Amino acid sequence: MRRTSSILKKHRSGERVYVSSNSRDNQYILAEIPLTDNLIDLVCGGIDKTSEKPYQKFYQSLSYKVFDIVEEHGLSHVNFVANNRLVRVRYSGEQQVLHTEQQSFFFYCPEHNSTFKGYFDGAVRARKIKILFLATGQELRVNSGKFHSKVYQAIKDISKKIGLAENEIKLRDHQHLTFDVFAKEKGETNSISHTFREIADRYESQNQSISKDHTSITYVVASIPMARRLLKGADIDYLSDEPFSKLYQKIESAFNNSCNANQINQAAMIANGVSPFVRYDEDETTNVAGELISIGVNPNNAERRFCVHWEADRLVDTLRFVFFADKSDETHHNYGKFVNQAITAVRAFSDEVNWKKESDDIIVRVHQHIMLNV
């Protein structure tokens, strides 16, 4: 079932965001190069289509050039990806890479992981070459501008080495702040404060300039496990073709109420088993394909949008609430206010559904993303 309606909001609350001291920062940068015939000619002079793996030599040659240059720039955690999957990056103490049909998950710890590795199949021509740079160290936010500049220069050198035209490579800088909304209720007494600002503005404060010709989006995702208590009190007829209709109506109502109470007008509730990814799109199109739902966002459009996606015949493992920032929220004085409103909305939802805060998590991830051409 898919429905769209609208509710009112204005993002206004405290400017500082206080989160538990065990919150986690991640930063990764994706460089994307379209895989064209010209790129193949530049790298290896063509391919042998009669070969069992015609693109093997091309991938190996290009990855060697990439790894050679990024090592010169002192970058220690870089992956070469050409597998037609969406790249996801998540924190984990154990470094590993997991693939689904449409996604590649890179789990790593910034403090002690590093690797150079390629992920490709020489028999398959990928749509894009993706070079994944993972930030390392303990002070990711403080050093984020330096990391961006180092990656930017490495990509410029890669482009020059290959012989690409200017602006042929897209650079996507992603930064996450991840935390449990109820860490304090679980006994975590220490907290840290964040004063959010748009990435380019933060880089300027770190004396690292960035092209003004870039786009940026910000959004907050809350991941809520389908705990047993959410099912209690809902009328579920397991013999029906749509047994979970009233359950999702109950959850949607609580979500709607929490957004109304916190004056939020751009948000989505995803409860259909697909994984959302958000991208900059002036047309703001939403597309469900397989295990993914693509949500296009235009920060310059402040019109109200409240989207709900659920299927009455399917009980999902995880609910996801997504709150979108518009351009006014990305100003220095409003950024923290937007994040606080999203957190407060999640708390209001949990109160309405009697969430067990002292034992169950609701993980919130604040996403900031900029894109520019190199």
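Data block above holds the structure.
Here goes a summary of the coordinates provided. In every chain, residue numbers begin from 1 and rise along the written sequence. Confidence filtering applies because this is a predicted model: local features only for residues at pLDDT of at least 70, side-chain atom pairs given and counted only at 80 or more, and all residues used for totals across whole chains, interfaces and linings. Each side-chain value is derived from all of the structure's non-hydrogen atoms; neither hydrogens nor water enter the calculation.

1. A few points about the overall build of the chain
Under the scheme used here, helices are H or I runs from DSSP no shorter than 4 residues and strands are E runs no shorter than 2 residues, and both carry numbers assigned from the N terminus. A count of helices and strands for the chain gives seven helices and 19 strands. Here the globule rule is a power law, 2.2 Å times the number of residues to the power 0.38, and the radius of gyration is based on C-alpha atoms. The C-alpha radius of gyration computed for the chain amounts to 22 Å, which stays within 12% of the reference 21 Å derived for 374 residues, consistent with globular compactness. Considering only C-alpha atoms, the chain reaches an extent of 65 × 50 × 40 Å along its principal axes. For every residue, the accessible area obtained with a 1.4 Å probe (protein chains only) is divided by the maximum for its type, and the residue is called buried under 20%, exposed over 50%, and partly exposed between those limits. Every one of the 374 residues in the chain was classed for burial, and the buried ones make up 52%.

2. Focus on the packing of helix α1 (residues 37-44) against helix α2 (residues 56-72)
The axes are straight lines fitted to the C-alpha atoms, using for helices just the contacting stretch, and the angles between their N-to-C directions are given from 0 to 180°. As a packed pair, α1 and α2 sit with axes 9 Å apart at the nearest point and diverge in direction by 70 degrees. Comparing their axes, α2 and α1 come out roughly perpendicular. Once α1 is placed against α2, the crossing between them reads as left-handed. The residues of α2 that touch α1, namely those facing L39, I40, V43 and C44, are K57, F58, S61, L62 and K65. Think of it as three bins: nonpolar holds Ala, Val, Leu, Ile, Met, Phe, Trp, Tyr, Cys and Pro, charged holds Asp, Glu, Lys and Arg, and polar takes everything else, Gly as well. Residue composition of the contact of α1 with α2, grouped by class: six nonpolar, one polar and two charged. Roughly parallel here means an angle under 35 degrees, roughly antiparallel means over 145, roughly perpendicular means 65 to 115, and every remaining angle is called oblique. Each crossing gets its hand from how the near helix is turned against the far one by less than a right angle, where anticlockwise is left-handed and clockwise is right-handed. Throughout, a residue-residue contact means that at least one pair of heavy atoms, one from each residue, lies within 4.5 Å.

3. Topic: the pattern of salt bridges
Throughout this description, the term salt bridge denotes a Lys or Arg side-chain nitrogen within 4 Å of a carboxyl oxygen of Asp or Glu. This structure, assessed with the given rule, holds 11 salt bridges. With a shortest N-O distance of 3.3 Å, E32 and K128 are connected by a salt bridge. Linking E32 in strand β3 (residues 24-34) with K128 in strand β9 (residues 128-134), this pair joins segments that are 96 residues apart in sequence. The exposure class assigned to K128 is partly exposed, which follows from its relative accessible area of 38%. We note a salt bridge from R125 to D37, for which the minimum N-O separation is 2.8 Å. A residue pair is termed long-range when its members are at least 10 positions apart, and R125 in the loop between β8 (115-120) and β9 and D37 in helix α1 qualify at 88 residues. Overall, the relative accessible area of 49% leaves D37 in the partly exposed class. Sharing partners across several salt bridges, the network here consists of E32, K128 and R172.

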